[in-house]
Amino acid sequence: MDSFLSGLTQIFTLTTLIYMLAGSIAGIIAAAIPGFTVTMAIVLTLPLTFSMEPLQDIAVMLSVYVGGYTGGLISAALLDIPGTPSSVATTFDAFPMARRGEAGRALSLGVWASFFGTFISTVVLIAAAPPLAISAVKLGPWEYFSLIVFALTIVASLVGSSVIRGMLAALIGLAISTVGTDPIMDRPSFDFGIEMLQAGLPFLIVLIGIFAISQLTSEVEDAKSVRSGTSLVAGAIDFQTWKVMKEALRRPVNLIRSSIVGVLIGALPGAGGSIANPVAYDQAKRASKTPEKFGKGIPDGVVASEVGNSAIAGGGLIPLIGLGIPGSAADAILMASLMVHGISVDPRLMLDHADFVYSMFIAMTVASLMMLAVSLVSMRAFLRVAATPKWVIVPVVMVCCVVGSFALNNRVTDLACWASSAWRATAARARLLAGSAGARRDPRPDLGNEPAPCADEKRRSDALRHPAHQPSLPCCGSHLDRLSDPQPSEKTKILSRGLVR
Amino acid sequence: MSESSHNEEHAKEAGEIARLLSYVVLLLASVDLFLSANAIPPSRFERLGAGAFPKIVFANIALVAIIAIVDALRKIPRDAYGRFFTATADWARRRYLVFICLAALAACLIAIPRLGFSIASFLFIFGLELGLMPRRPVSIFTALVVAAIFSFGLNWLFAEVFNVYLPRGVL
C-alpha cells in the first residue's frame, strides 16, 4: 500500500502530467502517420527523456507507448491505410463505416475500444504480471510453432469468395517470407545478389506500399469526381462520443475476449500487436451471430480489432516487469530507458523497486486516460482530414508514405522496395479490368470480383452490405511489425508472410 | 440484354483473362523458384535444409496455380480472348489519372536522391495537385501552400525535431 501511495504522489505532479500529455499527443500523431510505428515513436522520444527523472522518463515513454497503439486507428479509419501494422484489422470495418458517412462513429468507437483494451490489460498486468510472465517464458518452439499455425488458420476466414485465390495469396505471402537469409541454417535464399534483400524484405515498407498506394490510386480512378473536388468521406461527420461509449460497453464479451487475446499474445516475447489485432478480430467474427457482416462496417469488428491491439500495451509489459524480458522492440526500448537511469530490469525489479513498479502501473492507467482525452479532443481535427479534397490528400499522403518508408532505415533503396510493393498491390487491386464497364470500383477489398457498383455513396453502401461481398482480412505478425493489404488476396498474402517471418 | 450489361459481361470476361495471365506468370515463377530452391545447399546437421521450406511453398503455389488456370479456362468463353485488348485499352483509358499518379510518383522517387527530398516532393505534390484539381486561382494557391508545407516543412520537421535527415540532394 505504501508503494502504491508513493507511486501515486510521484505521478501526480504537474510536470510529470504535462510531460505525459505531450507524450500521448506525440504517440497518437506518430502512429497516425503511415509508416511510423509505436517503436519508432518511442525511439525518437528516448533521447528527449535522458535528462528527466527516472519516473518521469518511464511515464512519458508509457504515454507514447499507449498513444501509439491508438493512433494507428486514425489513418486506418479515414484513409484505409493502417498507421501501424497493429491496426490492420481496423481498416476492415472502420473504413467501410467511414465510407458510408459514419467516420465519427468509427473513430469514436475505436478510441473507446482502445481505452477499454488498455485499461483491462493494465488491470491484468497489475494482478497477474508475475505468474503470467513465468508461464509465458515457459513456451518453447513447439508452442510458438503451434501459435503461428493457429494464426495461419485465420486465412480460412479471410479468403472471401474464392478459396483458390485465397490459398494462392496465402502461399505467395509465405513465399515472400523466404526472401533473405534462412534464420536457422544461415543460408542466403532468393536475395538475387541484392544486399538489401539479404535481411529479407522490410515488412513495414511492404505494408505501406501495399496499403497506401493502392488505396490512394483507387481514389483517383474517377477523374470527374476528383476534379470536382470531392473529399474522401462523403456525408456529415457526427462524433457521438457518449453514445458510442455506451455502444462499446454494450459489447462486454467482445471487450473482454479481445483484451484477453491482446494480453496473452502481448505477454509472449516476440509476438505483438500485429498478431493480436487480427486474431482478436477473427475470434470476434467466429463468435458473432452475424459473421457475414464483418468486413462491411460492423462496430464489433472495430471494437475487437482496437481492443486487441491496445491490450498489447499491458500484455507486453508482463514479461518485462515480471522477468526482465522485453516482449517486443518497443518494450526493449522501454527497458533501455530504465537502464539509462540505472534501474536494473530483471526478475527482482518488483522486489527491489516496488514503488517504481507501482508508479509504472499508475502511469499506465493515467496514460490510457490521457490517450482517451487527447483522442476525443483531437479526433475532431483528424476528422477534417476526411473532408479534405482528394486532390490535396492523395499527393500529400503519398509523400508522407515516402518519408515513412525512408525514415525507417534511412535507406534510399527502401524506396525502391516500397515502390515495387505499391505497384504490385495497385495491379492486384485494379483486378486488371474487372468491373471496368464504366462503374467506379469500390475502394474496399477485392470481395470477389463483383463489378463494383457505386457511382454514388448510396449505391456504394448498398454494395458493401451485399452478401456476395465477403470480407477478407489480413493478419500479420511477428517480431517488430507486420502487415497486410486491402485486397483479400493481398491481405492474406501479407498475413502468411508476416506470421512466418 | 442491354448494352451496359453487355459491356459489364465483357469486362468480367476480360478480368478473368487478366487473372488467367497472372496465374500463368505465377506458375512459371514458382516453378523457376522451386528449381532455384533446389540449389540452396542442404544442411549437414538437419534433414531439412534451408531449401526445404521454400520448396514446399513453391510446389504448393505451382499446384494451386494449375488448379486456378484450369478453373479460369473453364469460365472464359472462346470469343472473349478476341475482345481482351480492346477491353484493356478501354479500362486503362478510363483510369488515366491512376497512371498519371503512378508516373509522377515514380519520377519523384527517381528525383529524390538527385534533387533532394524537399525539391522533389515539392514538384511532385504541386505537379500532381495541378493535374488533379479543379483549376481555380484559390485552388492553385492552396496547392502551392500545401506543397511547400509537406515538402520543405516536412524536411525541416524531421531534421530539426526528429533528427531524421531526408536526402538533401542539390541543397
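Residues numbered from 1 in each chain as written. Chains lettered and ligands numbered in written order. Predicted model: local features only at pLDDT ≥ 70, side-chain atom pairs only at ≥ 80, totals over all residues. Heavy atoms only, no water.

A.B. asks: What am I meant to see in the confidence of the model for chain A here?
C.D. replies: Low-pLDDT portions of the prediction should not be read for the details of their coordinates. All names here are of chain A. Here chain A shows a mean pLDDT of 75. Residues at 70 or above account for 79%. The secondary-structure element of chain A with the lowest mean pLDDT is helix α20 (residues 457-465), recorded at 36, while helix α12 (residues 252-267) shows the highest, at 89. Ignoring residues within four places in sequence, the model shows residues 432-501, a span with pLDDT below 50, making 271 contacts including any to other chains. (pLDDT = per-residue confidence, 0-100. Helix = DSSP H or I, 4+ residues; strand = E, 2+ residues; numbered from the N terminus. Contact = heavy atoms within 4.5 Å.)

A.B. asks: What am I meant to see in the confidence of the model for chain B here?
C.D. replies: Model confidence for chain B is summarised by a mean pLDDT of 87, while 96% of its residues fall at 70 or above. Mean pLDDT across the secondary structure elements of chain B bottoms out at helix α3 (residues 80-94) of chain B, with 83, and peaks at helix α5 (residues 117-132) of chain B, with 93.

A.B. asks: Looking at this structure, how should I read the packing of helix α4 (residues 54-79) of chain A against helix α15 (residues 329-340) of chain A?
C.D. replies: Helix-helix packing: each pair is described by the crossing angle between the helix axes and the interaxial distance. Residue and element names in this part refer to chain A. α15 packs onto α4 with a crossing angle of 165° between their chain directions and a minimal axis gap of 10 Å. By the criterion of interaxial angle, the relationship of α4 to α15 is roughly antiparallel. Remark: the crossing between α4 and α15 carries right-handed chirality. Contact residues: D57, I58, M61, L62 and Y65 in α4; A330, D331, I333, L334, S337 and L338 in α15. (Axes fitted to C-alpha atoms, helices over the stretch in contact; angles between N-to-C directions. Parallel < 35°, antiparallel > 145°, perpendicular 65-115°, else oblique. Left-handed = near helix turned anticlockwise from the far one by under 90°.)

A.B. asks: Help me understand the environment of A:A170 in this model?
C.D. replies: With respect to the element layout, A:A170 can be found in helix α8 (residues 163-176). With 15 residues separating them along the chain, A:A170 and A:V155 place their C-alpha atoms 7.1 Å apart.

A.B. asks: In this structure, what is going on with the interface of chain A and chain B? I would like to understand it.
C.D. replies: The parts lose accessible area when they come together, and the size of an interface is often stated as this lost area. At the junction of the two partners, chain A supplies 58 residues and chain B supplies 70 residues. Across the chain A to chain B interface the summed buried area is about 5500 Å²; carbon plus sulfur atoms make up 80%. At the junction of chain A and chain B, the tally comes to one salt bridge. For B:R95, the salt bridge goes to A:E221, with nearest N and O atoms at 3.8 Å. For the pair chain A and chain B, the interface holds two residue pairs in polar contact (both at pLDDT 80 or more). Going through the elements one at a time, α8, α9 (203-219), α10 (223-227), α18 (390-409) and α19 (413-430) of chain A are the ones with two or more residues in the side of chain A that touches chain B. Taken together, the residues of the side of chain A that touches chain B sort by class into 40 nonpolar, 11 polar and seven charged. (Buried area = accessible area lost by both parts, 1.4 Å probe. Salt bridge = Lys/Arg side-chain N within 4 Å of Asp/Glu carboxyl O. Polar contact = N/O pair within 3.5 Å; in protein donor to acceptor, adjacent residues only side chain to side chain. Nonpolar A, V, L, I, M, F, W, Y, C, P; charged D, E, K, R; others polar.)

A.B. asks: In this structure, what is going on with the nonpolar core? I would like to understand it.
C.D. replies: A general feature of soluble globular proteins is that nonpolar side chains tend to end up buried together. Within the largest apolar cluster, 180 residues are counted, with the highest numbers of intra-cluster contacts made by A:L62, A:Y65, A:W112, A:L317, A:M398 and A:W418. Among the elements that take part in this core, helix α17 (residues 354-386) of chain A stands out by supplying 17 residues, more than any other. Per-domain counts for this core show at least three residues from each of domain 1 (3-94) and domain 2 (96-160) of chain B. With residues near it in sequence (within four places) discarded, A:L317 still touches A:L62, A:Y65, A:L125, A:G322, A:D331, A:L334 and A:M364. (Core = buried A, V, L, I, M, F, W, Y, C linked by side-chain atoms within 4.5 Å. Buried < 20%, exposed > 50% of the residue type's maximum accessible area, 1.4 Å probe, protein only. Domains from an automatic or database assignment.)

A.B. asks: Explain unusual backbone geometry to me, please; I cannot follow it from the model alone.
C.D. replies: Residues apart from glycine generally show negative phi values, whereas peptide bonds are mostly found in trans. Residue and element names in this part refer to chain A. Unusually for a residue other than glycine, F190 sits at a positive phi of about 55°. Structurally, the position occupied by F190 is in the loop between β2 (188-189) and α9. Residue classification places F190 among the buried positions, given a relative accessible area of 10%.

A.B. asks: Please explain the packing of aromatic side chains as it appears in this structure.
C.D. replies: Each aromatic ring pair is summarised here by two numbers: the centre-to-centre distance and the angle between the ring planes. All names here are of chain A. If you walk through the whole model with that rule in mind, you get 14 aromatic pairs over all chains. Centroid distance F92 to Y281: 5.2 Å. Interplanar angle 80°. Geometry classified as edge-to-face. Of this pair, F92 sits in helix α5 (residues 90-138) while Y281 sits in helix α13 (residues 273-287), placing them 189 residues apart in sequence. Taking relative accessible area as the criterion, F92 reaches 0% and is therefore assigned buried. Ring centres of W112 and W242 lie 5.8 Å apart, and the angle between their planes is 55°; on these two criteria the pair is classed as tilted. Taken together, the positions of W112 in helix α5 and W242 in helix α11 (residues 241-249) put the pair 130 residues apart, joining distant regions of the chain. Since its relative accessible area comes to 3%, W112 is described here as buried. What links up through ring pairs into an aromatic cluster is the set W112, F115, F116, F119 and W242. (Phe/Tyr/Trp six-rings, centres within 6.5 Å; stacked < 30°, edge-to-face > 60°.)

A.B. asks: What's the story with the packing of helix α2 (residues 14-32) of chain A against α4(A) in this structure? I'm lost.
C.D. replies: Residue and element names in this part refer to chain A. Following both chains from N to C, one finds α2 and α4 inclined at 30°, their axes separated by 6 Å at the closest point. By the angle class used here, α2 and α4 are roughly parallel. Note on packing geometry: the crossing formed by α2 with α4 is right-handed. Of the residues in α4, those in contact with T15, T16, Y19, M20, G23, S24, G27, I28, A31 and A32 of α2 are Q56, A59, V60, S63, V64, G67, G68, G71, G72, I74 and S75. Counted by class, the contact of α2 with α4 contains nine nonpolar, 12 polar and no charged residues.

A.B. asks: How should I be thinking about the pattern of salt bridges in this particular structure?
C.D. replies: Opposite charge on two side chains permits them to pair, given that their charged atoms come into close proximity. All names here are of chain B. One pass over the structure, following the stated rule, counts 12 salt bridges over all chains. Across the pair E13 and R83 runs a salt bridge, and its minimum N-O distance is 2.5 Å. Here E13, found in helix α1 (residues 3-38), pairs with R83, found in helix α3; they are 70 residues apart in sequence, far enough to count as distant. Given a relative accessible area of 13%, E13 falls into the buried group. A salt bridge links R74 to D71; the shortest N-O distance between them is 2.6 Å. In this pair, R74 and D71 are both assigned in helix α2 (residues 52-75), three residues apart and thus about one turn of the helix distant.

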